[in-house]
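# Fold and contact review
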Amino acid sequence: MESNSKDGNVCLVGAGCSAGLLTLEGLDRLRQAQVVLYDALLDPALLAEMPAGAEAIPVGKRCGRHSLKQAEINELLVAKAREGKRVVRLKGGDSFVLGRGGEELQALQAAGIPYDIVPGVTSAVAVPEHLGIPVTHRGLARSFTVVTGHTQNGDLEDWQALADLKGTLVFLMGLGQLPHICESLRQRGKAPETPVSVLCGGYSTRQLRLDGTLDTIVEKAQGKAFAPAIILVGPVAALHLEAKTRPGVTVTGSRSFCRQVAGALEPLELAVTQVPVLEVEPLIDQLPTSILGAAWLVFTSRNGVRLFGKWLQQHHIDHRKLAGSWLAAIGEGTADELANLGFTADLVPETYTAEALGKALAKAVAPGERCLLLRAEEGSPDLPRVLREAGVEFAELPLYRIRPLAPAAGEKPELAPGTLIFGSAKGVHTFFEQYTLAPGTKVLCIGPITAKAARAEGIAEPACATVHSVAGLARALQEVQA
């Protein structure tokens, strides 16, 4: 097929129902994407896997509230590909199971845009399975049928045909039609005592299973059920085969911070969910090569060290040109990142705060020596304040800025993760702009500044890591959950 896309292309990636259900191939495509158009119901942790600088565009549809209409999504896919971009269309579940992926491919095909497809794990199978219901089971159900809970003309499939089926019926996007579904099946001969389960928020921190029969489920679901929900009808709905649940932990902040914490918590056998709300925008193109002559190079985050390393690589700068500079790091994590570049931190304060770093520098910097603060554009005011009070000469060079990720369309969702981890004050405030937190959730902060921000957002007693680092958070979490 002849392409008009200037080497751009689109990949439809089925994202499954949680970050853990994204296929390895889908993850590979996501990590190479330059533009990602994503649905509203995706696990937010998936956004943490996007490359730094990739454009994230929410296009989700929730219960009639559309971020973009389908025709507009189709046009946007074509437009971004024609810019020469690698575009990923990240769709919940599988793109072709009631996902309108076929319509998007038809639009790409008509426009001559190269595309390919990565299948996903559909919620029609994954959510029942996760909540203890196999859609087929020997002696109970030899088949299953997936049905949309609402259609373009407001009607459903042939009710008689559905009622006559002996297998499992799985209704997607049908919570608002629950009374109609139950009544229609009973009227066509389905036994009133047929087991029914309503499965809400599968793979989320709020997931809920409500069990009943065609006669009772409407009353049992009243006031409790919420979207997204799956309605499952058939004998298998009486089974309870849930696996042992693990304590739930959610980490929020920048994508890189979420990844770091999730990696540190992996040995603890926790159910960790990443909810990135911030992204790092590099500013290293503005760095002058004159920084190599500074007496002290001061780093206050892993992000800053990584971007500094990238700058050295881009300009083909030999590490030996830094031989005359001392290196300071705000904490062990930042020092470890310097070690990954082949450098040793000459100064790390005992307490990992900006104020403690400033005081340590005030003692270490010799008269006439100059410090360069290589950090975020909106770094803590404590570090320059302390240096200024001590008479230390310094300059600030921002390596990056932190900006909020675009929130999904619709109302702010509520999270109930058990324990929520924050890594910065900005992460706290941005999180509460996009989400609400269920009562009873424990909050753990990386340090006192972050804890102060949490209190300002209404968290009465946030816990705080004694050592203000990712490793310190992992140790503190065990005490919080004890």
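Preceding this paragraph is the structure being described.
Reading the values: the criteria
Residues numbered from 1 in each chain as written. Predicted model: local features only at pLDDT ≥ 70, side-chain atom pairs only at ≥ 80, totals over all residues. Heavy atoms only, no water. Helix = DSSP H or I, 4+ residues; strand = E, 2+ residues; numbered from the N terminus. Buried < 20%, exposed > 50% of the residue type's maximum accessible area, 1.4 Å probe, protein only. Contact = heavy atoms within 4.5 Å. Salt bridge = Lys/Arg side-chain N within 4 Å of Asp/Glu carboxyl O.

### Details of unusual backbone geometry
Residue Ala-227 is joined to Pro-228 through a cis peptide bond whose omega torsion reads 0 degrees. On the secondary structure map, Pro-228 appears in the loop between α7 (217–221) and β12 (229–233). Its identity as a non-glycine residue notwithstanding, Leu-98 has a phi of 55 degrees, on the positive side. Summarising the element assignment, Leu-98 is placed in the loop between β6 (86–91) and α3 (101–111). Since its relative accessible area comes to 39%, Leu-98 is described here as partly exposed.

### Brief notes about the environment of Phe-432
With respect to the element layout, Phe-432 can be found in helix α13 (residues 425–434). As for Phe-432 and Ala-454, which are separated by 22 residues in sequence, their C-alpha atoms are 9.4 Å apart. The residues contacting Phe-432, other than those within four sequence positions of it, are Lys-412, Phe-422, Leu-437, Glu-457 and Ile-459.

### Concerning the pattern of salt bridges
Taken as a whole, this structure holds 28 salt bridges when the rule is applied. The partner of Glu-389 in a salt bridge is Arg-385, with the nearest N and O atoms 3.6 Å apart. With Glu-389 and Arg-385 both in helix α12 (residues 382–390) and four residues apart, the pair spans about one turn of that helix. Taking relative accessible area as the criterion, Arg-385 reaches 29% and is therefore assigned partly exposed. Put simply, Arg-255, Glu-279, Glu-281, Glu-377, Arg-401 and Arg-403 are held in one network by salt bridges that share partners.

Everything listed here is a matter of coordinates, which is why it stays silent on function.
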